[in-house]
Amino acid sequence: MHSQHLPVDVETAVATVPLWIDGAPADSPTTRVGDVTNASTGAVVRVVPFATAAGVNAAVEAATAALPAWRATPPLRRARLLTRFRELVERDQKKIAAVISEEHGKVFLDAMGELQRGIEVVEFASGAPQLLKGSYSESVGRGVDAYSRLEPVGVCAGITPFNFPAMVPMWMFPVALACGNTFILKPSEKDPSASLILAELLKEAGVPDGVFGVVHGDREAVDAILHHPGIHAVSFVGSTTIAKYIYATAAAAGKRVQALGGAKNHAVVLPDADLALATDALIGAAYGSAGERCMAISAVVAVGRVADPLVATLAERARTLKVGPSRAEGMDMGPLVTRAHRDRVAAYIDAGVAEGAELAVDGRGLRVPGHEEGFFLGPTLFDRVTPDMAIYQDEIFGPVLVVLRVDTLEQAIDLVNRNPYGNGTAIFTNSGGAARRFEEQIEVGMVGVNVPIPVPMAFYSFGGWKQSLFGDLHMYGPEGIAFYTRTKAVTSRWPKDDVGPSGLVMPTLG
Ligand code: NAD
């Protein structure tokens, strides 16, 4: 899947991943810590302190103190700082990718790609002066003008998942900062190191202390964020159960909230599809990053006679994928993020067999010599899966691809639409008419036509439908700007001799 270059070495001297408050590493008043592992070896490489409400409060105080000066900084100046930040991320891209690869387990080039997609959001946010233009209407009444201002929301928080430890935070904070907000990140406790490097680079770029903070932890820190009166907006990306909780709790506390949840992304393959192209795309989309992508294809809907040849080519390719340490040369797939997650995914394979699905490729027996304690699981393919099976209904979030067989495009569309998730989907076909019908009728937020992972570019917005997103606005792009700004509508009249008093009747300006 990848041509490989060797990554630079990871500095492993850091024993504890600190919080980042007021522009500096900070301790947290806590006795609870989490282990951060090297996913390829199973070794504990760092520990991360779990912040209490006191740690969150310290970050909020710093973000609150920094807010007035930051929001008064001209958008052009904020944009220039973000441009400088982008240059620094590019300078240190290999170092950041190496630490992501180590802690998460994705192969190095995949981690480089994750950063690239994050950098694109920084590029988008660097257009802040253009993005923050309000609208203006001259003479809505005699001598009266009306215009809108886009103002920051205040102190914003982001709570992010393990699977993109740099990119998902970068969906949020560059846009929030460009709009004049300050931002507190609560990254995943499973791979927290990249967030600290990003914090250091923001400081080096010249972003003032307190504008960006990092607190680590689990539910205790998250609850402190959700209930803190000094936080005005919460962005979340993670699993659906937690997304629902975040949405309900933050909204009840009066905060603006967007909460992106889990996914079960289907690819529909029609009989007229280019089989080689579809196979190649599906292998990458199902097994890249060991299936731990929110936009991974985890279900293939094979329509009609394409099923037998498609399953045959998928199985052949899945068996030849190279699985090994994430930083070794030439690997297609690394390990999963933790031992517990690997075991959970393996249990789904057991369940699929018990439920009667046909196991075409079994990844459970995989051994990686010299890395017996790493969290590895090989590519797995199930055929003749039915919608009542747990391997179809649940988000497995691992290298497990399930194939369902239907007879028609209508049945395929119906199947996808009955699924409670609605993050991404793709159709493979050479028929423009079929693709257009799919695009129109499918109830999913992001659609690919012969493109397996249709992650929108930074100048569009990312978000799913149904159980994949709670809230009104998608992330980054124009909807990100809308999320991180409040609109103020101004109606303005400058007293002149020829304008009379307003009177007591309902004002009509004309
Ligand atoms: P997760 O829901 O377990 O954790 C996400 C965040 O919530 C982490 O920061 C975690 O510390 C925190 N958290 C965990 N349990 C909590 C609790 N009980 N209360 C409050 N906070 C809690 O998700 P994950 O395992 O880190 O990431 C994988 C999930 O994220 C998958 O479901 C995947 O589909 C989803 N995801 C979705 C998108 C998207 O765009 N929709 C993108 C990436 C990942």
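Student: Is there a simple way to think about the site of the ligand in this case?
Tutor: What surrounds the ligand is a group of 27 residues, the closest being Lys186, Glu189, Ser239, Gly261 and Glu395. Between an oxygen atom of the ligand and a main-chain N or O atom of Thr160, the distance comes to 2.8 Å. One nitrogen or oxygen atom from the main chain of Gly238 is found 3.3 Å from an oxygen atom belonging to the ligand. Its residues placed into classes, the shell around the ligand shows 14 nonpolar, nine polar and four charged. Residue contributions to the shell around the ligand reach at least three from each of two domains, namely domain 1 (3-261 + 468-489) and domain 2 (265-449).

Student: Could you clarify how one ought to interpret a nonpolar patch on the surface in this entry?
Tutor: Among the surface-exposed residues, Met457, Phe459 and Tyr460 lie close enough to one another that they form a single nonpolar patch of about 350 Å² accessible area. Position of Tyr460 among the secondary structure elements: in the loop between strand 19 (446-449) and strand 20 (465-466).

Student: What exactly am I supposed to notice about the pairing of strand 6 (residues 144-152) here?
Tutor: Taken together, the three bridges between strand 5 (residues 136-141) and strand 6 define a ladder with antiparallel strand orientation. Directly across from Tyr136, in strand 6, lies its bridge partner Tyr147. Count of turn residues in the strand 5/strand 6 antiparallel hairpin: two residues, of which Gly143 carries a positive phi of about 70 degrees. Pairing between strand 6 and strand 22 (residues 485-493): nine bridges, direction antiparallel. Bridged to Tyr147 within strand 22 is Val490.

Student: Mind showing me how you'd approach the packing of aromatic side chains here?
Tutor: The description of an aromatic ring pair uses the distance of the two centres, along with the angle that the planes make with each other. A full pass over the atoms with the stated rule returns 12 aromatic pairs. With 5.8 Å between their ring centres and 85 degrees between their planes, Phe162 and Phe397 make a pair best called edge-to-face. Remark: Phe397 occurs in the loop between helix 13 (390-393) and strand 16 (400-406) and Phe162 occurs in the loop between strand 7 (155-159) and helix 6 (167-178); sequence separation between them is 235 residues. For Phe162, a relative accessible area of 10% gives the class buried. Taking the centre distance of 6.3 Å and the plane angle of 45 degrees together, the rings of Phe462 and Tyr476 count as tilted. With Phe462 in the loop between strand 19 and strand 20 and Tyr476 in the loop between strand 21 (469-470) and helix 16 (477-483), this residue pair connects regions lying 14 residues apart in the sequence. You'll find Phe462 and Tyr476 in the same group, each marked buried. These aromatic residues form a ring-pair network of at least three members: Phe85, Phe173, Phe183 and Phe212.

Cut-offs used in this document
Residues numbered from 1 in each chain as written. Predicted model: local features only at pLDDT ≥ 70, side-chain atom pairs only at ≥ 80, totals over all residues. Heavy atoms only, no water. Near = heavy atom within 4 Å. Polar contact = N/O pair within 3.5 Å; in protein donor to acceptor, adjacent residues only side chain to side chain. Nonpolar A, V, L, I, M, F, W, Y, C, P; charged D, E, K, R; others polar. Domains from an automatic or database assignment. Patch = residues over 30% accessible without salt bridge, like charges linked within 9 Å, V, L, I, M, F, W, Y side chains within 5 Å. Areas by Shrake-Rupley, 256 points an atom, 1.4 Å probe, with all protein chains shown as cover. Salt bridge = Lys/Arg side-chain N within 4 Å of Asp/Glu carboxyl O. Helix = DSSP H or I, 4+ residues; strand = E, 2+ residues; numbered from the N terminus. Pairing = 2+ DSSP bridges. Phe/Tyr/Trp six-rings, centres within 6.5 Å; stacked < 30°, edge-to-face > 60°. Buried < 20%, exposed > 50% of the residue type's maximum accessible area, 1.4 Å probe, protein only.

By themselves, these are just geometric observations and shouldn't be taken as functional.
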